[in-house]
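Secondary and tertiary structure notes
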Amino acid sequence: MIGWITAVISFLLLYYLYIPIPREATEPWKLYFTSIVMKIQGDLITIYALLTKKKIHDVMRISLHRCISFFVYFQPKIQGIEEEEANFDGVLVRIFKPTNTKGLIPGIVYIHGGGWYIFNTKTYSYFTKLLSKKANAVVVSVEYRLAPENTFPVPFDDCLNATKYFLINARKYNVNPDKVGIAGDSAGGNLSMAVALKLAIEPTLDIPKLAYQVLIYPCLQALDFNLSSFRENNIDRNTHCGLTRNAMILFNNLYAFGNYENFMAFSNNTHATVAMKKKYRYRVDPKCLQGRYQMEPNDDTETDDTELANQISETIFNPYFAPLMATDAQLGKLPNTFLITCEYDGLRDEGLILNERMKAINHPIKHLHLSGSEHGVLIYPYYNVYKSSVDKIAFYIKEITK
């Protein structure tokens, strides 16, 4: 009996401790720790959902929020920032304001990540409070409604309406309306760029223009899930990557359709016809990338479900759903941009493609590539790169709003 118990314990230890970490990782032991925690948590979420017959995304929402809150609990308290809740045109927001300021200061609309279906403004409260402190700016964190209960364009509309309200009423919050920008990470980066596109493409006289956008490892397209970054991060187990290919396909489907019935079509890259791929390929073209990231796309695999491709095309090629679908002319109307990408990230290449497209049209863009870090690194405050990246974002905002 003791032998069997020892064998089971040994197996579990080996199973959970085996996660290969790249030599190039900036903080390998922290990456290793994070990967183990996420691996254990993923299994516990699955087991709990099966036993309780609850929806896995409901369990995941609670579990991941508590996990991040646990890590934040041990961080030093941030002084000098007031926090309050408000309602901006029917959208709940959490506002962070420096207490010792004079006159009008910059403002930041922050849109949190989480695949459009997990996390909330409380999960991100430490990050947004720290950003408010470092940038000396009022941060409005948007509590947009989540998928799969609320599919596109509901989360986008929530973020758009909250941003418009803040731009129009900025002075009420001691904010200079000409120094308001938008920022977000992952799915929040998607929503941030989509909102910036909408305001740039369809401007109105009564709404001030955004001063800048900060896009932190954003998800930008649903045309091609065979980019080299997705191929490198195609393993859901024993991975050091914060976001895998399968996870991103799942998130896109939940956001677009509220279910994952079309998962296999997206996984096989047959969710679009050959004609559609060739029409939109220049907007998501890995041939424009440098070095080992460059690849020749294969657009010759025809879909076996043309009806599906036609049904979903209006959504997946909508630039407000997938901002890389914007034309070069539309990209050129965007505000000054600060883009952050990570090496160990399924979304790496689409961020790099955005950078190349913006440089090609001489759009003002600053790009920071975290070469030894993984997707989601800016929700784990124990990383050194977490603090240095917040400093760089705050510095950029201060410089752009001087």
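For the structure itself, consult the block above.
Residues numbered from 1 in each chain as written. Predicted model: local features only at pLDDT ≥ 70, side-chain atom pairs only at ≥ 80, totals over all residues. Heavy atoms only, no water.

1. Here's the deal with the overall build of the chain
- When helices and strands are counted, the chain shows 14 helices and eight strands.
- Over its C-alpha atoms the chain spans a radius of gyration of 21 Å, differing by no more than 12% from the 21 Å that the globule rule assigns to 402 residues.
- With the C-alpha coordinates of the chain rotated into their principal frame, the extents come out at 70 × 55 × 40 Å.
- Within the chain, buried positions represent 58% of all 402 residues.
- Expressed as a percentage of contacts within the chain between residues at least 6 apart in sequence, the contacts between residues at least 24 apart total 76%.
- Just so you have it, the chain exposes about 17,800 Å², and 56% of that area is on carbon and sulfur atoms.
- Treating the 42 positive side-chain charges of the chain as one cloud and the 39 negative ones as another, the clouds have centres 7 Å apart. (Helix = DSSP H or I, 4+ residues; strand = E, 2+ residues; numbered from the N terminus. Rg over C-alpha atoms; globule rule 2.2 N^0.38 Å. Buried < 20%, exposed > 50% of the residue type's maximum accessible area, 1.4 Å probe, protein only. Contact = heavy atoms within 4.5 Å. Areas by Shrake-Rupley, 256 points an atom, 1.4 Å probe, with all protein chains shown as cover. Lys, Arg positive; Asp, Glu negative; His and termini not counted. Charge placed at Lys NZ, Arg CZ, Asp CG, Glu CD.)

2. So, a nonpolar patch on the surface
- A cluster of nonpolar residues, Phe 70, Tyr 73 and Phe 74, forms a patch on the protein surface that exposes about 410 Å² of accessible area.
- Along the chain, Phe 74 turns up in the loop between α3 (56-73) and β1 (81-88).
- Classification of Phe 74 by relative accessible area gives exposed; the value is 56%. (Patch = residues over 30% accessible without salt bridge, like charges linked within 9 Å, V, L, I, M, F, W, Y side chains within 5 Å. Salt bridge = Lys/Arg side-chain N within 4 Å of Asp/Glu carboxyl O.)

3. Quick notes on the environment of Phe 88
- Among the secondary structure elements, Phe 88 is positioned in strand β1.
- By relative accessible area, which is 0% here, Phe 88 ends up buried.
- Taking the C-alpha atoms as reference points, Phe 88 and Asn 161, 73 residues apart in sequence, are found 7.5 Å from one another.
- With residues near it in sequence (within four places) discarded, Phe 88 still touches Val 93, Ile 95, Val 140, Ala 162, Tyr 165, Phe 166 and Tyr 173.

4. Some remarks on the environment of Lys 209
- Tracing the sequence through the fold places Lys 209 in the loop between α6 (187-201) and β6 (212-216).
- The class for Lys 209 is exposed, based on a relative accessible area of 70%.
- If we ignore the near neighbours within four places in the chain, the residues touching Lys 209 are Leu 167, Pro 177 and Val 180.

5. Let's talk about the sheet that holds strand β5 (residues 175-185)
- Pairing in this open sheet of eight strands is mixed, and the strands run β1-β2-β4-β3-β5-β6-β7-β8 from one edge to the other. Two strands bound the open sheet, and with one partner strand each, they are β1 and β8 (365-374). Within the sheet, the average angular offset between the axes of one strand and its neighbour, ignoring direction, is 20°.
- Relative to β8, strand β7 (residues 336-344) runs parallel, the two being bridged by seven bridges. Bridged to Tyr 344 within β8 is Glu 374.
- Seen against the sheet, α6 touches β3 (105-111), β5 and β6 and runs at an angle of roughly 140° to β5. (Pairing = 2+ DSSP bridges. Axes fitted to C-alpha atoms, helices over the stretch in contact; angles between N-to-C directions.)

6. Regarding the packing of helix α4 (residues 125-135) against helix α14 (residues 384-400)
- At a minimum axis separation of 9 Å, α4 and α14 run at an interaxial angle of 45°. By the angle between their axes, α4 is oblique relative to α14. Crossing angle aside, the handedness with which α4 passes α14 is right-handed. For the pair α4 and α14, the contacting residues are Tyr 126, Phe 127, Leu 130, Leu 131, Lys 134 and Ala 135 in the first and Tyr 386, Val 390, Asp 391, Ile 393, Ala 394, Ile 397 and Lys 398 in the second. (Parallel < 35°, antiparallel > 145°, perpendicular 65-115°, else oblique. Left-handed = near helix turned anticlockwise from the far one by under 90°.)

7. Details of the pattern of salt bridges
- Across all of its chains, the model carries 20 salt bridges by this definition.
- One salt bridge in this structure joins Glu 232 and Arg 348, with 2.9 Å as the shortest N-O distance. In this pair, Glu 232 sits in helix α7 (residues 228-232) while Arg 348 sits in helix α13 (residues 348-360), placing the two residues 116 residues apart along the sequence.
- Exposure remark for Arg 348: the relative accessible area of 0% places this residue in the buried category.
- With a shortest N-O distance of 3.4 Å, Lys 287 and Asp 285 are connected by a salt bridge.

8. So, unusual backbone geometry
- The linkage connecting Ala 147 with the following residue, Pro 148, adopts the cis geometry, with an omega of 0°.
- Relative to the helices and strands, Pro 148 is located in the loop between β4 (138-142) and α5 (154-168).
- With an omega of 15°, the peptide bond between Phe 152 and Pro 153 qualifies as cis.
- Checked against the element boundaries, Pro 153 lands in the loop between β4 and α5.
- Positive phi values are uncommon outside glycine, yet Phe 119 reaches one of about 75°.
- Among the structural elements, Phe 119 can be located in the loop between β3 and α4.
- In this structure Phe 119 comes out as buried when scored by relative accessible area, which is 10%.

9. Description of α4
- Of all the 11 residues making up α4, eight are buried; the element is thus mostly covered by neighbouring parts of the structure.
- Along α4, the residues classified as buried are Ser 125, Tyr 126, Phe 127, Thr 128, Leu 130, Leu 131, Ser 132 and Ala 135.
- Immediately beyond the C-terminal end of α4, within one or two residues, lies Asn 136, with a positive phi of roughly 50°.

Keep in mind that these numbers describe shape and distance, not what the molecule does.
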